[in-house]
Amino acid sequence: MNQRLFLGPLVFVGCLLIGCSSPSVVPATLVLPVPMQVSYESELGIARIGQMLSSPGLTSEQRAELFFQRGVIFDRVGLRAMARLDFNRALREKPDFADAYNLNGVYFTQNQEFSEAYEAFDSALELSPDYEYANLNRGIALYYGGRPRLAAKDLKVFLDAQPNDPYRLLLWYLALERLDPSLAAMMLQQFQQNYGNDEWAWDIVQVYLGNKTEEQLLSRIAEESTDNRQLAERLCEAYFYLGKRAQQEGNIEEAKVYFKLSLSTNVYDFVEHRYSLLELDLMEQAH
């Protein structure tokens, strides 16, 4: 069952989740899922792959694939150090493993090791030139590494592969906005007119364009999510983009609240969850 908390008399609940930020920056409407928990299937998958890795006669390629698959599960449940260790093991077994380079690059980006991240994504794209998610992740690394022009170029490649995807549009917009806010706003409007539909995520674009309110967005998520997992995933995404919007408008404390709310969903393998933590780290460093 969806739970919607309208803060005011329930500010204490908000403080538990967001580190007791000032009530003045807590969103007026707050939708909360039950944070995602490690599933039985994930635990079982880790155990099974461990057993398979101890089997005799595995080829290097088979070992690489098993290390990679276990790393993906570790990543999904938030065990970042274990995931990174397995991705490196996969690369030792198979040095031309594009997927492992890609996910290694994501971890380099999260750790603000940008030069290493660029090298990892370059390696992935050299091995697989049409690997669009390497363009996505390199674009994000370039964005956080302070190279918005190159970031916008990579993220446009990612958007062009699926121009009706509102998430791809929003990520490109965020990079383009660093270069030319007026052009970014115009392109956001143009893509919304050409490709926008009734999918809920287009409501995030509508919030950016000023056509919908944050309350309308969150209310729709609460009303239309079919189970807690879907609610958590949608809120992870929505709160990240609301945080970026607040950040753009100079509302830094409000942005921090939204990023913390995105993190509170525990949807560890979503782009928005990964970079909510980086956003908070960067804001902390700035002060």
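Everything quoted here is computed from the prediction, not taken from an experiment.

Parameters and conventions
Residues numbered from 1 in each chain as written. Predicted model: local features only at pLDDT ≥ 70, side-chain atom pairs only at ≥ 80, totals over all residues. Heavy atoms only, no water. Helix = DSSP H or I, 4+ residues; strand = E, 2+ residues; numbered from the N terminus. Rg over C-alpha atoms; globule rule 2.2 N^0.38 Å. Buried < 20%, exposed > 50% of the residue type's maximum accessible area, 1.4 Å probe, protein only. Phe/Tyr/Trp six-rings, centres within 6.5 Å; stacked < 30°, edge-to-face > 60°. Axes fitted to C-alpha atoms, helices over the stretch in contact; angles between N-to-C directions. Parallel < 35°, antiparallel > 145°, perpendicular 65-115°, else oblique. Left-handed = near helix turned anticlockwise from the far one by under 90°. Contact = heavy atoms within 4.5 Å. Nonpolar A, V, L, I, M, F, W, Y, C, P; charged D, E, K, R; others polar. Core = buried A, V, L, I, M, F, W, Y, C linked by side-chain atoms within 4.5 Å. Salt bridge = Lys/Arg side-chain N within 4 Å of Asp/Glu carboxyl O.

> Looking at this model, I keep getting lost on the overall build of the protein. Mind explaining?
In terms of regular secondary structure, the protein is built from 15 helices and two strands. Against the 2.2 N^0.38 benchmark of 19 Å for 287 residues, the protein shows a C-alpha radius of gyration of 20 Å, consistent with a compact globule. By principal-axis analysis of the C-alpha atoms, the protein measures approximately 60 × 40 × 40 Å. Per-residue burial over the protein gives 50% buried out of 287 residues.

> Is there a simple way to think about the packing of aromatic side chains in this case?
The geometry of two aromatic rings is summed up by the distance between their centres and the angle between their planes. Applying the stated rule across the entire model yields 12 aromatic pairs. Relative to phenylalanine 87, the ring of phenylalanine 68 has its centre 5.5 Å away and its plane inclined at 45 degrees; by these criteria the two rings are tilted. Here phenylalanine 68 is found in helix 3 (residues 60-76), whereas its partner phenylalanine 87 is found in helix 4 (residues 80-93), with 19 residues between them in sequence. Considering the side-chain rings of phenylalanine 68 and phenylalanine 97, the 5.0 Å spacing of their centres and the 40 degrees angle between planes classify their relative orientation as tilted. Of the two residues, phenylalanine 68 is situated in helix 3 and phenylalanine 97 in the loop between helix 4 and helix 5 (98-110); the sequence distance between them amounts to 29 residues. The buried category is assigned to phenylalanine 68, whose relative accessible area is 9%.

> Sorry if this is basic, but what is going on with the packing of helix 13 (residues 228-248) against helix 14 (residues 252-263) here?
Running from N to C, helix 13 and helix 14 cross one another at 165 degrees; their axes reach a closest spacing of 8 Å. The orientation of helix 13 relative to helix 14 falls into the category roughly antiparallel. Handedness of the helix 13/helix 14 crossing: left-handed. Residue-level inspection shows Cys236, Tyr239, Phe240, Leu242, Gly243, Lys244, Ala246 and Gln247 of helix 13 in contact with helix 14, the latter providing Ile252, Glu254, Ala255, Tyr258, Phe259, Leu261 and Ser262. When the residues that make up the contact of helix 13 with helix 14 are grouped by side-chain class, the tally is 10 nonpolar, three polar and two charged.

> Help me out: how do you make sense of the nonpolar core in this one?
The nonpolar side chains of a soluble globular protein tend to be buried, and buried together. Core analysis: the largest hydrophobic core is formed by 79 residues, its most contacted members being Trp172, Tyr239 and Tyr241. Top contributing element to this core by residue count: helix 9 (residues 166-179), with nine residues.

> How should I be thinking about the packing of helix 13 against helix 15 (residues 271-286) in this particular structure?
In a pair of packed helices, the angle between the axes and the distance between the axes together describe the arrangement. Two numbers describe how helix 13 lies on helix 15: the axes approach to 9 Å, and their chain directions differ by 30 degrees. Considering their axes alone, helix 13 and helix 15 lie roughly parallel with respect to each other. Read as a crossing pair, helix 13 and helix 15 show a hand that is left-handed. Here helix 13 contributes Cys236, Glu237, Phe240, Tyr241, Lys244 and Gln247 to the contact with helix 15, which in turn contributes Glu272, His273, Tyr275, Ser276, Glu279 and Met283.

> So what exactly am I meant to see when it comes to the pattern of salt bridges here?
Note on pairing: side chains with opposite charge can pair once their charged atoms come close. Taken as a whole, this structure holds 19 salt bridges when the rule is applied. We note a salt bridge from arginine 138 to aspartate 122, for which the minimum N-O separation is 2.8 Å. In this pair, arginine 138 is assigned in helix 7 (residues 132-144) and aspartate 122 in helix 6 (residues 114-127), connecting sequence segments 16 residues apart. Given the relative accessible area of 29%, aspartate 122 is considered partly exposed. Of the charged contacts in the structure, one is a salt bridge between arginine 245 and glutamate 249, with a shortest N-O distance of 3.7 Å. Look at arginine 245 and you get buried, because its relative accessible area is 18%. One salt-bridge network, held together by shared partners, links Asp198, Asp203, Arg220 and Glu224.

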